[in-house]
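# Structure at a glance
What follows is each chain in one-letter form.
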Amino acid sequence: MRIKGFLLTVPSLRVDGMALFPFILSKRKAPSDVFLNHERIHLKQQLEMGLVIFYVWYLVEYLIRFMQFKNHYLAYLHISFEREAYAHERDLGYLRKRRFCAWWKYL
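Residues numbered from 1 in each chain as written. Predicted model: local features only at pLDDT ≥ 70, side-chain atom pairs only at ≥ 80, totals over all residues. Heavy atoms only, no water.

## A word on the packing of aromatic side chains
Quick note on the threshold: Between 30 and 60 degrees the pair is tilted, below 30 it is stacked and above 60 it is edge-to-face, where a pair is any two Phe, Tyr or Trp rings, Trp via its six-membered ring, whose centres lie within 6.5 Å. Secondary structure counts use DSSP, requiring at least four H or I residues in a row for a helix and at least two E residues in a row for a strand, with both numbered from the N terminus. Any residue under 20% of the maximum accessible area for its type is buried, any over 50% is exposed, and the rest in between are partly exposed; the area is computed with a 1.4 Å probe on protein chains only.
In this structure the tally under the stated criterion is 12 aromatic pairs. Seen from their ring centres, F6 and F23 are 6.1 Å apart, and the 50 degrees between their planes marks the pair as tilted. Remark: F23 occurs in strand β3 (residues 23-26) and F6 occurs in strand β1 (residues 6-9); sequence separation between them is 17 residues. Overall, F23 belongs to the partly exposed group, its relative accessible area being 34%. A connected cluster of aromatic rings, assembled from ring pairs, spans F54, Y55, W57, Y58, F81, W103 and W104.

## Notes on unusual backbone geometry
Cis geometry marks the peptide bond from F21 to P22; its omega dihedral reads 5 degrees. Turning to its location among the elements, P22 is positioned in the loop between β2 (17-20) and β3. Backbone geometry at K70 places phi at a positive 55 degrees, although glycine is not the residue there. Position of K70 among the secondary structure elements: in the loop between α2 (51-69) and α3 (72-77). Given the relative accessible area of 66%, K70 is considered exposed. In this structure, C101 takes a positive phi of about 55 degrees despite not being glycine.

Limitation: the analysis is restricted to geometry and does not speak to function.
Shown next as structure tokens:
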């Protein structure tokens, strides 16, 4: 199944972008293919887990990582969902070959 998402430009967004199924929110009008791939990986993760479970897991893992690193940015970078997305964002064919719940190996 191919995931595209609906791209919405939100100039007031405090971050470059985020995926909130089924939307990709972007601060820029013309985001890069790498950015879109990163966010589409998150959309796939959200579909696999279900939206509520994904968001709860993301928050809990962020809090654990924050206690571990005592730094917001390091905590964010070490969330398993982000680790998978950053590791494969430049591989534009990744979603076609990605295994189910591939984020699990980044825990």
